[in-house]
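Overview (structure and organization)
Okay, here's what each chain looks like letter by letter:
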Amino acid sequence: MNTHNPNDFRHRVRRSDDTAVRFDWVPLAVRTLSSNTLFQGEHEIGIEHHGALYRLKITRQGKLILNK
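Read on for a plain summary of the structure.

**Points about the environment of Lys 68**
- Note that Lys 68 resides in the segment after strand 5 (64–67).
- In the structure, Lys 68 is positioned 20 residues away from Glu 48 in sequence and 9.9 Å away in space, judged by C-alpha atoms.
- Residue contacts for Lys 68: discarding those within four places in its chain leaves Ala 52, Leu 53 and Tyr 54.

Below you can see the structure in the form of structure tokens.
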């Protein structure tokens, strides 16, 4: 589940006359995968990146931890 809210990214700029002007950042499209798709029922997976092995784990509290 992706909890990203594009409204969280705002940038405020002040004009020289101190009138506030708001510019919204446009989020880039990010490929999103479900953790269920990645883990397929397991609690740990290996990720090979530039010749190094990383381990992505689901904790007992349901959080993700990445270790090298």
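**Concerning the pairing of strand 5**
- The pairing of strand 4 (residues 52–58) with strand 5 spans four bridges and is classified as antiparallel. Bridge pairing in strand 5 places Arg 55 opposite Asn 67.
- Taking the residues between adjacent antiparallel strands as the criterion, strand 4 and strand 5 are bridged by five residues, where Gly 62 takes a positive phi near 85 degrees.

**Overview of unusual backbone geometry**
- Even without a glycine there, the phi angle at Gln 40 is positive, about 45 degrees.
- Structurally, Gln 40 can be placed in the loop between helix 1 (35–39) and strand 3 (44–49).
- Taking the relative accessible area as the measure of exposure, Gln 40 reaches 66% and is therefore exposed.
- Even without a glycine there, the phi angle at His 50 is positive, about 50 degrees.
- Among the secondary structure elements, His 50 is positioned in the loop between strand 3 and strand 4.

**Some thoughts on the sheet that holds strand 5**
- Strands sit in the order 3-4-5 across an open sheet of three strands; the sheet is antiparallel. With partners counted over all chains shown, the strands left at the sheet margins are strand 3 and strand 5, one partner each. When the angles between neighbouring strand axes are averaged without regard to direction, this sheet yields 25 degrees.
- Alignment of strand 3 against strand 4, held across six bridges, turns out to be antiparallel. Note on strand 4: the bridge partner recorded for Glu 48 is Leu 53.

Here is what the cut-offs are and how they apply
Residues numbered from 1 in each chain as written. Predicted model: local features only at pLDDT ≥ 70, side-chain atom pairs only at ≥ 80, totals over all residues. Heavy atoms only, no water. Helix = DSSP H or I, 4+ residues; strand = E, 2+ residues; numbered from the N terminus. Contact = heavy atoms within 4.5 Å. Pairing = 2+ DSSP bridges. Buried < 20%, exposed > 50% of the residue type's maximum accessible area, 1.4 Å probe, protein only. Axes fitted to C-alpha atoms, helices over the stretch in contact; angles between N-to-C directions.

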